[in-house]
Amino acid sequence: MDITRRQLGTLVGAALLAPCLPSSSRPASAAVAWRLMWAPEAASAGLGAFETLEDDRADSHPAGQPHIFTEGNNFRFNMHTVDRDTSTDRQRQEVTGTRNPGGYLQWLNGETWRVTYSMFIPASLKATTTFTHISQTKMPGTGTDPITVTSLRRVNGVQTIEHKIFQSDILVGRTNLEPLQNKWIDAEYEIRIGDGGAGSVRWVLRDGATTLVDATRSGDTFLGDRVRPKWGIYRSLGDTSGSLQNCYLLLTNMRAYKQVAATATRLEAENATISQGVVESNHVGFSGSGFVNTDNVAGAYVEWRFEHAAGPATLTLRYANGTTADRPVNITVNGTVVASGLSLPATGAWTTWASRSIGADLGAGANTVRVTAAGAGGCPNLDYLEVLA
Ligand code: GCU
Ligand code: CA
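In this report, we go over the structure that sits alongside the text. Quick caveat, the model's predicted, so the values are computed rather than measured. Residue numbers restart at each chain and count upward from 1, following the sequence in its written direction. As they are written, the chains are lettered A onward and the ligands numbered 1 onward, keeping that order. Totals for whole chains, interfaces and linings use all residues, but because this is a predicted model, local features are given only for residues with pLDDT of at least 70 and pairs of side-chain atoms are given and counted only at 80 or more. Excluded from the side-chain calculation are hydrogens and water; included are all heavy atoms of the structure.

We treat two strands as partners when DSSP finds at least two bridges between them. What counts as a helix is a DSSP run of H or I of at least four residues, what counts as a strand is a run of E of at least two, and both are numbered from the N terminus. Taken in spatial order, the 7 strands of this open sheet run E2-E5-E16-E9-E10-E11-E12, and their pairing is antiparallel. Edge positions in the open sheet fall to strand E2 (52-55) and strand E12 (170-176), since each of these has one partner strand only. With strand direction ignored, the average angle separating the axes of adjacent strands in the sheet is 20°. Each axis is a line fitted through C-alpha atoms, taken for helices only over the stretch in contact, and angles between the N-to-C directions span 0 to 180 degrees.

And the structure:
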């Protein structure tokens, strides 16, 4: 099996991250968005994607160096049974932090961060009776406990993968490891950084379209200074199950998002590019100076162009459909279909306006959103597109 290249289609990108939609019962000010802050491609960013490297920091196994490197578009961590950390009862090959060309990211108290990535755990990387961590969050510096850990642990003889909040030993989730070995699986990790009950963690593990764990627990997620993630293999030599072998871990598609207050930008249809349609103002209730009445033909469209930051967004279309028939539309974002045959049902009158929202992933800089009539009825009358992110 070719494991040096990630299969397309199992991507855990932002498209799978449902942005928190503002429900109509909630004030708009409570809406949050996820801002993409870090998206290193191993092939181009290399190990500069991380703040620091702990590659055989005790220099225990020069012949095996480097233990951490990029391979195709994957980050690879090799562990040999002879490798020793500075504390010789354990082994460590880890990277820490999230670094962009402009510097490393600081995850601070009160903030909420989300990380997504895909990982390949070979059968040789086994769960153990003592700790094997494959990801941690920690406060920088030495001498403090982890904040959270993803670990491969033997529970009653069964290999499992689990996530814990380390203080108070709070188990967030756990599932059997063996069905997940030798394949790419997808992890999502969200941390609300706070002392005591102000902190929480969500941990999601997916095998393709199957969600194995999606659990949230509150607990102490702030020790001091800031929170820094780590990935790699950090394990105790105290295992009594005979599970320590030469092994490795692969990671790819790493992304970090910071939760921010959402900003809504309203883009009037009358200012957009119109193909087969006209601007009118004869039905009240619209925003701005009018709305677009497209010709009643399939293929008529309105296209909005705007500058935006990259990341997931909620797109809301305001429309009126005074007929009794649905007027479905296709929506493309930067040329890619994100909604096909999206239903825009009757609103009761041309003066009764309704909204329909979808989630989509925006690129950095110029973006286009095109709403095209999917049926012979044309589009409904279109008032505006709102971009919430
Ligand atoms: C009516 C209505 C228009 C609308 C059109 C349609 O003519 O006044 O605003 O666009 O129906 O069916 O599309
Ligand atoms: Ca029309």
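After that view of the structure, there is still more to cover.
A few words on unusual backbone geometry. For the peptide bond that leads from Gln-65 to Pro-66, omega is -5°, which places it in the cis range. The residue Asn-182 is not glycine, and still its phi comes out positive at about 65°. As for its position among the elements, Asn-182 is in the loop between E12 and strand E13 (184-192).

In this section: the nonpolar core. The term nonpolar core refers to a set of buried residues drawn from Ala, Val, Leu, Ile, Met, Phe, Trp, Tyr and Cys, joined through side-chain atoms within 4.5 Å. Classification of residues uses two cut-offs on accessible area relative to the type maximum, computed with a 1.4 Å probe and protein chains only: under 20% is buried, over 50% is exposed, and between them is partly exposed. If you look at the biggest cluster of nonpolar residues, it comprises 46 residues, and the most contacted ones within it are Met-119, Ile-121, Ile-161, Ile-191, Leu-205, Trp-231 and Leu-251. We call two residues in contact when some of their heavy atoms are within 4.5 Å. Those residues in contact with Met-119 that sit more than four places away from it in its chain are Ile-134, Ile-161, Lys-183, Trp-184, Ile-185, Ala-187, Leu-205, Leu-250 and Leu-251. By size, the runner-up hydrophobic cluster in this structure holds 28 residues, among which are Trp-304, Val-329, Cys-379 and Leu-382.

Another aspect to go through is the sheet that holds strand E27 (residues 365-373). The strand order across the open sheet formed by 5 strands is E19-E22-E27-E24-E25, and the pairing between neighbours is antiparallel. Either end of the sheet is taken by a strand with one partner, and the two such strands are strand E19 (273-275) and strand E25 (336-342). In this sheet, adjacent strand axes meet at a mean angle of 15° when their direction is disregarded. Here strand E24 (residues 329-333) pairs with E27 via 5 bridges, running antiparallel. Bridging across to E27, Asn-330 finds its partner in Thr-372.

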